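Now for the letters of each chain:
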Amino acid sequence: MTDQPAVRLSGYLRKDGRKGIRNLVVVAYLVECAHHVAREITAAFRHQPVHLVGFPGCYPNEYADKVMRQLLTHPNVGAVLLVSLGCESFNKQGLEELVHASGRPVHTLTIQETGGTRATIAQGEEWVRQALEAIADAPRVPMGVEELVIGTVCGGSDGTSGITANPAVGRAFDALIERGATCIFEETGELVGCEPHMQQRAATPELGREIVRCVAKAARYYSVLGHGSFAPGNADGGLTTQEEKSLGAYAKSGASVIQGILKPGDLAPTGGLYLLDVVPDGEVRFGFPNISDNAEIVELISCGAHLTLFTTGRGSVVGSAISPVIKVCANPDTYDKLPDDMDVNAGRILRAQASLDAVGDEIFDLALRVARGEPSKSEGLGHQEFILTYKSFTEKGPACLPTKTPIPLQPA
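First things first, this report covers the structure right here in the doc. In this text the structure is predicted, and so the values were computed from the model without any measurement.

Here's the deal with the overall build of the protein chain
- In terms of helices and strands, the protein chain carries 13 helices and 14 strands.
- Computed over its C-alpha atoms, the radius of gyration of the protein chain comes to 21 Å, within 12% of the 22 Å expected for a compact globule of 412 residues.
- Taken across its 412 residues, the protein chain has 56% of its residues classed as buried.
- In the protein chain, the proportion of contacts linking residues at least 24 apart, taken out of those at least 6 apart, comes to 76%.
- Carbon together with sulfur atoms contributes 52% to the accessible area of the protein chain, which is approximately 16,400 Å² in total.
- With 37 positive and 48 negative side-chain charges, the protein chain shows a separation of 2 Å between the mean positions of the two kinds.

Observations concerning the environment of Lys217
- For Lys217, the position within the fold is in helix H7 (residues 205-225).
- Those residues in contact with Lys217, other than ones at most four positions away along the chain, are Asp277, Val279, Pro280 and Asp281.
- A distance of 2.7 Å separates a polar side-chain atom of Lys217 from the backbone oxygen of Val279.

Quick look at the sheet that holds strand E5 (residues 77-84)
- Read across the open sheet, the four strands follow the order E4-E3-E5-E6; overall the sheet is parallel. Both outer strands of the open sheet, strand E4 (50-54) and strand E6 (106-110), are each paired with one neighbouring strand and no more. On average, each strand axis in the sheet is tilted by 20° relative to the strand beside it, whichever way the strands run.
- Relative to E6, E5 runs parallel, the two sharing five bridges. Its bridge partner being in E6, Ser84 is matched across the sheet by Thr110.
- This element, helix H3 (residues 92-101), spans E5 and E6 of the sheet and lies at about 160° to E6.

Brief notes about the nonpolar core
- The biggest cluster of nonpolar side chains holds 50 residues, and the ones touching the most others in it are Leu148, Phe173, Leu176, Met198 and Ile363.
- For Met198, the residues in contact, after removing those within four places along its chain, are Phe185, Leu191, Ile211, Val215, Tyr250, Ile258 and Leu275.
- In this structure, Leu71, Val106, Val153 and Val325 belong to the second largest nonpolar core, which totals 39 residues.

Quick look at the sheet that holds strand E1 (residues 9-13)
- Read across the sheet, three strands follow the order E2-E1-E7 without closing on themselves; strand pairing throughout is antiparallel. Looking at which strands have only one partner, the edges of the open sheet turn out to be strand E2 (19-20) and strand E7 (140-143).
- The pairing of E1 with E2 spans two bridges and is antiparallel. The partner of Leu13 across the bridge, within E2, is Lys19.
- Contacts from helix H12 (residues 356-372) reach E1 and E7, with the element oriented near 40° to E1.

Considerations on the packing of helix H2 (residues 62-72) against helix H10 (residues 293-302)
- Where H2 contacts H10, the axes come no closer than 8 Å and their chain directions differ by 60°. When the axes of H2 and H10 are compared, the crossing they make is left-handed. Taking contact as the criterion, the partners of Tyr63, Val67, Gln70 and Leu71 in H2 are, on H10, Val298, Glu299, Ile301 and Ser302.
- When grouped by side-chain class, the residues that make up the contact of H2 with H10 number five nonpolar, two polar and one charged.

A closer look at the layout of surface pockets
- Here the largest pocket is characterised by a volume of approximately 650 Å³.
- In terms of lining residues, the largest pocket is bounded by 31 residues, among which Gln48, Val50, His51, Gly382 and Gln384 are the most central.
- For the lining of the largest pocket, the secondary structure elements donating two or more residues are helix H1 (35-43), E4 and helix H13 (377-380).
- Taken together, the residues that form the lining of the largest pocket break down as 13 nonpolar, 13 polar and five charged.

Calculation notes
- Residues numbered from 1 in each chain as written.
- Predicted model: local features only at pLDDT ≥ 70, side-chain atom pairs only at ≥ 80, totals over all residues.
- Heavy atoms only, no water.
- Helix = DSSP H or I, 4+ residues; strand = E, 2+ residues; numbered from the N terminus.
- Rg over C-alpha atoms; globule rule 2.2 N^0.38 Å.
- Buried < 20%, exposed > 50% of the residue type's maximum accessible area, 1.4 Å probe, protein only.
- Contact = heavy atoms within 4.5 Å.
- Areas by Shrake-Rupley, 256 points an atom, 1.4 Å probe, with all protein chains shown as cover.
- Lys, Arg positive; Asp, Glu negative; His and termini not counted.
- Charge placed at Lys NZ, Arg CZ, Asp CG, Glu CD.
- Polar contact = N/O pair within 3.5 Å; in protein donor to acceptor, adjacent residues only side chain to side chain.
- Pairing = 2+ DSSP bridges.
- Axes fitted to C-alpha atoms, helices over the stretch in contact; angles between N-to-C directions.
- Core = buried A, V, L, I, M, F, W, Y, C linked by side-chain atoms within 4.5 Å.
- Left-handed = near helix turned anticlockwise from the far one by under 90°.
- Nonpolar A, V, L, I, M, F, W, Y, C, P; charged D, E, K, R; others polar.
- 1 Å grid on protein atoms, 1.4 Å probe; cavity = no way out; pocket = protein on both sides within 12 Å on 5 of 7 lines; lining within 4 Å.
- Points joined across faces, edges and corners; volume = space filled by probe spheres on them.

So this is what it looks like as structure tokens:
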């Protein structure tokens with residue numbers, strides 16, 4: 001894949017210098033009590049670039065605030081409508097000020113002050129119409145592959161995932177990283193047992209030790225919960241052990257040097273490969289680290305991911321708000337059953353119809369086409385799943401992120 005031709009992209013330039021591959025109006029509810037109103041506002045714009053996100057909790061949470069701030073100033077977002085009940089603890093004023101400072105149109109509706117459900121929906125619909133008109137003519141500027149941020153996640157894994165889709169995504173990651181892109185893989189809870197391999201690929205010895213520590217944290221967390229990442233559906237799909245699943249998940253990371261560790265809401269300071277640590281710090285307080293794959297996709301987006309490569313063997317069909325999801329199907333039988341939902345048939349590898357490198361090239365090419373504006377399958381079907389819950393994280397240590405130019409592609 002090193003001899004790929006030069007690639008030209010374009011993006012929507014934002015005030016912070018980042019460029020988006022989409023130009024969306026986001027409607028964000030700040031407590032579950034405002035969810036219905038926000039959903040009804042969004043529903044009036046079906047098949048238009050209006051997406052719904054939100055946080056259900058009444059009580060403040062630094063993690064949710066940080067993630068929401070990053071989501072609403074994500075380069076794919078062009079304008080933001082905040083929908084508040086009025087008595088929740090979310091810092092809506094601070095959020096509005098941040099979005100306004102980012103150069104985006106923003107407005108807050110507080111249901112308790114705007115006449116209730118019907119009146120707020122009507123006002124919200126009118127504001128969104130105006131926002132769509134305001135951002136419709138936003139110019140696109142030249143954008144390089146090195147400006148892309150791409151995440152990967154697996155869901156509904158089966159016995160084929162680790163030998164087709166996951167390593168094919170790893171090949172695509174290596175090609176993207178070679179061109180300067182930022183690529184993010186996760187999660188530490190599904191990489192238990194792989195920490196020695198990741199340690200060897202770390203850009204520095206200090207980072208290697210941090211990787212071992214964050215995987216050990218995940219193992220302790222799951223041990224307390226009495227729950228691991230190995231689900232009944234994985235066993236039904238032919239996976240035999242936690243080790244097998246971990247190695248399959250690890251294959252998504254490719255062969256590049258690991259430049260650093262991110263936590264949700266962190267932005268990578270350079271291009272290269274990053275590990276996303278999604279398991280909360282401190283004592284076990286909030287239950288399962290992620291109650292579904294979409295929670296992980298949201299966290300990848302909060303780290304700036306323009307799009308996500310989602311590998312699946314059993315056949316997950318979800319997409320996401322804000323950033324497109326590309327489905328890489330590991331199992332050829334699943335692809336045959338769900339062709340309208342799957343973007344890439346990596347199962348052809350099992351049928352000797354394509355090589356890992358060929359499928360990796362296909363994923364690479366499709367990622368760039370989606371970055372240019374081509375809708376992914378889930379995007380075209382209107383999937384906009386979104387989940388944000390409570391978590392708690394401490395700050396990263398200085399060994400977790402690089403301060404200089406990324407280390408070359410292959411580890412020593």
